[in-house]
Amino acid sequence: MISLAAFIRSLGYSCRVEHPIGDSDVLHITIGLKAGFGELGRHGSIINPKLGPLFRMGSIITDMPLQTDKPIDAGIAKFCDNCRACRLYYPANAIPDERSAAAGKDHLGNDRYMVDTAKRFPYFAKHNYCSICLPVCVYNHKEWARDFEGFETKLWHEIITEEPPPPVYPAGYKNI
Ligand code: SF4
């Protein structure tokens, strides 16, 4: 980001770097969704079709004239409606089963999944860490996820899966 900002300035345009970690006035996920960098996952983070959900986003604010991109539909939001990996394995029970009109709209105009931050934050504070929804996200396992897009993968050459499997609930799971 620093190098890109320096390049933009070298062209004579002003810019400001909004870093991914630390104090920032910018909502990077919202900007990333509008720019088509990825789709909004059930866990509330942005999922890039190739990078998955595990990355840090930053933004560069500039007055340089640019062409604007559009939100994408790579099938990820639809995939989330069947997949519940983050819902099931996130320990604070903060990720919902269903979309909710009260949560507002996502990049495609769907109702969003309302993540319960009141449940999430105490877990984070107690363990000094969370982000468990990201490593368990199916799109973090990109080769596996690509099966569902109809590509052959390095992992299972012989399997081309066109539909995601039905959800699997662990023992004792309650749909609340
Ligand atoms: S784990 Fe599954 S439901 Fe959750 S964000 Fe990732 S793809 Fe969507």
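Parameters and conventions
Residues numbered from 1 in each chain as written. Predicted model: local features only at pLDDT ≥ 70, side-chain atom pairs only at ≥ 80, totals over all residues. Near = placed C-beta within 6 Å. Nonpolar A, V, L, I, M, F, W, Y, C, P; charged D, E, K, R; others polar. Helix = DSSP H or I, 4+ residues; strand = E, 2+ residues; numbered from the N terminus. Buried ≥ 20, exposed ≤ 12 C-beta atoms within 10 Å, placed from the backbone. pLDDT = per-residue confidence, 0-100. Core = buried A, V, L, I, M, F, W, Y, C linked by C-beta atoms within 7 Å. Contact = placed C-beta atoms within 7 Å.

Asker: Tell me about the site of the ligand, and please be specific about residues and values.
Answerer: Neighbouring the ligand are Gly41, Arg42, His43, Phe79, Cys80, Cys83, Arg84, Ala85, Cys86, Cys137, Val138 and Tyr139. In terms of residue class, the shell around the ligand is built from eight nonpolar, two polar and two charged.

Asker: Break down unusual backbone geometry for me, with residues and values.
Answerer: In most cases, non-glycine residues show a negative phi, while peptide bonds are predominantly trans. Notably, Asn93 is not glycine yet its phi reads approximately 55°, a positive angle. Here Asn93 shows up in the loop between α4 (85–89) and β5 (100–105). The phi angle at Ser131 is positive, at roughly 60°, despite the residue not being glycine. For Ser131, the location among the structural elements is in the loop between α5 (117–127) and α6 (142–147). Assessed through the 13 C-beta atoms surrounding it within 10 Å, Ser131 is described here as partly exposed.

Asker: For helix α1 (residues 2–10), give the residues involved together with the corresponding values.
Answerer: The buried fraction of α1 amounts to zero of the nine residues, a small share that puts the element mostly on the outside. Count one or two residues on from α1 and you reach Gly12, which has phi positive near 100°.

Asker: Tell me what's going on with α5, and back it up with residues and numbers.
Answerer: Counted residue by residue, α5 has zero buried out of eleven residues, so it is predominantly exposed. Asn128 occupies a position one or two residues after α5 and carries a positive phi of about 60°.

Asker: Any details on the confidence of the model for the protein? Residues and values, ideally.
Answerer: Confidence along the protein averages 84 in pLDDT terms, with 80% of residues attaining 70 or more. Taken element by element, the predicted model of the protein shows its lowest mean pLDDT in α6 (60) and its highest in strand β6 (residues 111–112) (97).

Asker: Please give an account of the nonpolar core that cites residues and values.
Answerer: Counting residues in each nonpolar core, the largest one holds 20 residues, and the members touching the most others are Cys86, Tyr90, Ile95 and Cys137. Taken together, the elements giving at least two residues each to this core come down to β3 (46–47), α3 (76–82) and α4. Of the residues forming this core, the biggest block, three residues, is contributed by α3. Excluding residues within four positions of it along the chain, Ile95 makes contact with Arg42, His43, Cys86, Arg87, Tyr90, Tyr113, Val115 and Cys133.

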